[in-house]
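Inside the fold
Residues per chain, in single letters:
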Number of protein chains: 2
Amino acid sequence: MTIKDIARECGVGISTVSRVLNNKPDVSEEVRKKVLAAVETNGYIPNNSARDLVKSRSDAIGVVVRGTGNLFFSDMLKVIAAEIDRRGYDMILRFLATDEDEVKAGAILEREKKLRGLLFLGGRFNYTPAEMSLIGVPYVCCSYTNSFGTLRESDFSSVSIDDFKTAYEAVSVLIAAGHSRIAAFFDACDDHSISELRYDGYCAALKKNGIPVDPALVVQTGGFEMEDGYRSMKSLIESGAGFTAAFVEADMMAIAAIKALHDCHKRVPEDCSVIAIDGLKLSEYTSPTLTTMIQPGEEIARESVRILMDMIEKGIEGVHLRPEAHLRNGGSVCSRQL
Amino acid sequence: MTIKDIARECGVGISTVSRVLNNKPDVSEEVRKKVLAAVETNGYIPNNSARDLVKSRSDAIGVVVRGTGNLFFSDMLKVIAAEIDRRGYDMILRFLATDEDEVKAGAILEREKKLRGLLFLGGRFNYTPAEMSLIGVPYVCCSYTNSFGTLRESDFSSVSIDDFKTAYEAVSVLIAAGHSRIAAFFDACDDHSISELRYDGYCAALKKNGIPVDPALVVQTGGFEMEDGYRSMKSLIESGAGFTAAFVEADMMAIAAIKALHDCHKRVPEDCSVIAIDGLKLSEYTSPTLTTMIQPGEEIARESVRILMDMIEKGIEGVHLRPEAHLRNGGSVCSRQL
DNA sequence: AACGTTTCCGGTAACGTTTCCGGAAAGAAT
DNA sequence: ATTCTTTCCGGAAACGTTACCGGAAACGTT
């Protein structure tokens, strides 16, 4: 069942059928009705690859993701998928191992599938303009490190919170509550990722308040999984390093870290205050409710897609959104008696 | 940059280039090397839509999902996506509203995209053979109700736990601990979904032990979100209905329900035991650790894809996997003092 | 009556592949 | 020397669509 069959059945030319299928002008109302009826009764469905071939572009968006551990990304991915779907585009998803080159992967995907746009989610992003020029469609970096070096800002878009500032504020909350021995948990501290920015924010907040950064209190978890948070907290406790508060860079890890504290017979927040970043709906329902910096994850995901669509359909230049993270005052932080 | 350019550059015919690109025989080693080199230096990337058009099939799998609320599905979706990706196929994702027809959506997708297979995730499934005949590629129903009525079992595959049995066992655990006033929380009880099967399992376990089903203790949450669990538990408590235990059909809702109990100054498990179904990694890290029936979600997702691939590539008949759910003995259930 | 204009439509090339088929060249068997 | 295989290769049709172009018919306008 092709466009040709419909044309024959209606006694019209195939270009006429094509016109009504694409809502183009130059076709009488009478013929349009007839064609539409034939399409309906025959259950005709256009062949997308033929269309893509002649137009030499598809209606697909490529999404390349690195680091699937973090639930925050899972949530965003769901919104991104739904949002792309809702706008009538297809999503081609590509998961990358940590050692793969996301730009090269994106460029290949773009050409193979004749993508309309690309969305990068998570991961590092220290590419040069030369490398980025490999990709020839609009793209947005979603929840990436926000230091894009020498890249021309009008060439692409990005959406993410200010990770430095958010970490700075979170740590400041602990300091304001009287804490100075503040442990901190990051995926990694020197990999050009958002984790590094958050680490910088942590250090800055301490320094600003005259507190030295104690390397013994900085833990690299090596991931965003709950296990990573649990294990890291456990081993910090066992190391004997004294601390009265902890800053954890992701809710999921914080929940696991709290479990580790409980398992070591430490109360939260009485024996150790905990603050995190993410603001998952989930962490509202733990006991105590997690005190955390809420990232507007849904907004970030939705806006990323919207901006990408605007670049594709309206040809606008790149925009760089920095939505605010704001404090959720849960029950996992308390003032330290001085 | 097309196959034609490569052919010209190498001084060979385009069919020869096509042959080396597809690892077909009938090409000398010398020519193969030359072509491969030209492909490499020119960064040639084949056009997928052209290929799909002539072969009249793509390398894509359609995944249609209904009910995105449940985290359990999110987790599975991630595995499914990674698994499809890993095997070199593309995934076309379609989210459906609860009132949409998943089979019709799948059939359209299949023809538009020339899919190789279809995977249905979650939702109801009371279709007739006539309706199912709309879809012309292998398909597997993943985590669906396992009552497929009149459908011929060899025509399709399915993978999911036995929801009736799992619910039966969970409720039996509570009864064995001495409980008889057992509240229960389901998305819905009469919609041909897994929820209905679980409700049936709940009733059967009670009856088996001579306990009458008290409608006042059966709550329809109208969803799988945490809010649904919280709200439902709250209103049950406020209704004044007496109960010493609760069976909740999903971990996420159970966590929220426990929060509601806490907020009403009831201790878990001392004042109310809670058991659930899902076994999310997450619910190991709550306090108390959730007692729940662990669904092998990763296995379900992985096996679903594997089976679908076997049907596609090896032409095997439909298989129906019923992996076992097994109890995780957490800390949210305790014996009732008699 | 002759001449624009507008409205509608069909023929056809093109998109970049794969696949079929025929054939040249080289080697083996008679 | 002839014929028969085998190995390798190129030409060309086909996949189903879109877009361009040219033209017929209908309708004004002078």
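Anything mentioned here points back to the structure above.
Not measured: the values here are computed from a predicted model.

Around DNA strand C, 27 residues are found, and the nearest of them are Thr16, Ser28 and Val31 of chain A together with Lys24 and Tyr44 of chain B. Near the protein, within 4 Å, the atoms of DNA strand C are sugar or phosphate in 62% of cases. Measuring from a phosphate oxygen of DNA strand C, one finds a side-chain N or O atom of threonine 16 of chain A at 2.4 Å. Within the side chain of lysine 24 of chain B, an N or O atom sits 2.5 Å from a phosphate oxygen of DNA strand C. Put simply, the parts of the chain that give the surface near DNA strand C at least two residues each are α2 (14-21) and α4 (48-55) of chain A together with α2 (14-21) and α4 (48-55) of chain B.

All names here are of chain B. Relative to the helices and strands, serine 273 resides in strand β9 (residues 273-278). A relative accessible area of 0% means that serine 273 is categorised as buried. The contacts of serine 273, once residues within four sequence positions are left out, are Leu174, His179, Thr244, Ala245, Ala246, Ser332, Val333 and Cys334.

Counting 166 residues, the largest nonpolar core has Ile80, Tyr202 and Phe247 of chain A together with Tyr202 and Phe247 of chain B as its most contacted members. Discounting residues that sit within four places of it in the chain, tyrosine 202 of chain B has contacts with Ala167, Val171, Ile182, Ala183, Ala184, Phe186, Val213, Leu217, Val218 and Phe247 of chain B.

What follows concerns the interface of chain A and chain B. Across the boundary between the two partners, chain A contributes 43 residues, which contact 43 residues of chain B. Across the interface of chain A and chain B, roughly 3900 Å² is buried in total on both sides, 58% from carbon and sulfur atoms. Considering only the surface of chain A that becomes buried against chain B, Ile45, Lys259 and Tyr285 of chain A emerge as the three largest contributors, covering 17% of it. Between the two partners, chain A and chain B, sit ten salt bridges. For the salt bridge of aspartate 90 of chain A with lysine 113 of chain B, the shortest nitrogen-to-oxygen distance reads 2.4 Å. On inspection of chain A and its partner chain B, the count reaches 16 residue pairs in polar contact (both at pLDDT 80 or more). The set of elements that each furnish at least two residues to the side of chain A that touches chain B consists of α4, α5 (71-86), β2 (90-96), α6 (102-113), α10 (226-239) and α11 (251-263) of chain A. Considered class by class, the residues forming the side of chain A that touches chain B number 20 nonpolar, nine polar and 14 charged.

Analysis parameters
Residues numbered from 1 in each chain as written. Chains lettered and ligands numbered in written order. Predicted model: local features only at pLDDT ≥ 70, side-chain atom pairs only at ≥ 80, totals over all residues. Heavy atoms only, no water. Near = heavy atom within 4 Å. Polar contact = N/O pair within 3.5 Å; in protein donor to acceptor, adjacent residues only side chain to side chain. Helix = DSSP H or I, 4+ residues; strand = E, 2+ residues; numbered from the N terminus. Buried < 20%, exposed > 50% of the residue type's maximum accessible area, 1.4 Å probe, protein only. Contact = heavy atoms within 4.5 Å. Core = buried A, V, L, I, M, F, W, Y, C linked by side-chain atoms within 4.5 Å. Buried area = accessible area lost by both parts, 1.4 Å probe. Salt bridge = Lys/Arg side-chain N within 4 Å of Asp/Glu carboxyl O. Nonpolar A, V, L, I, M, F, W, Y, C, P; charged D, E, K, R; others polar.

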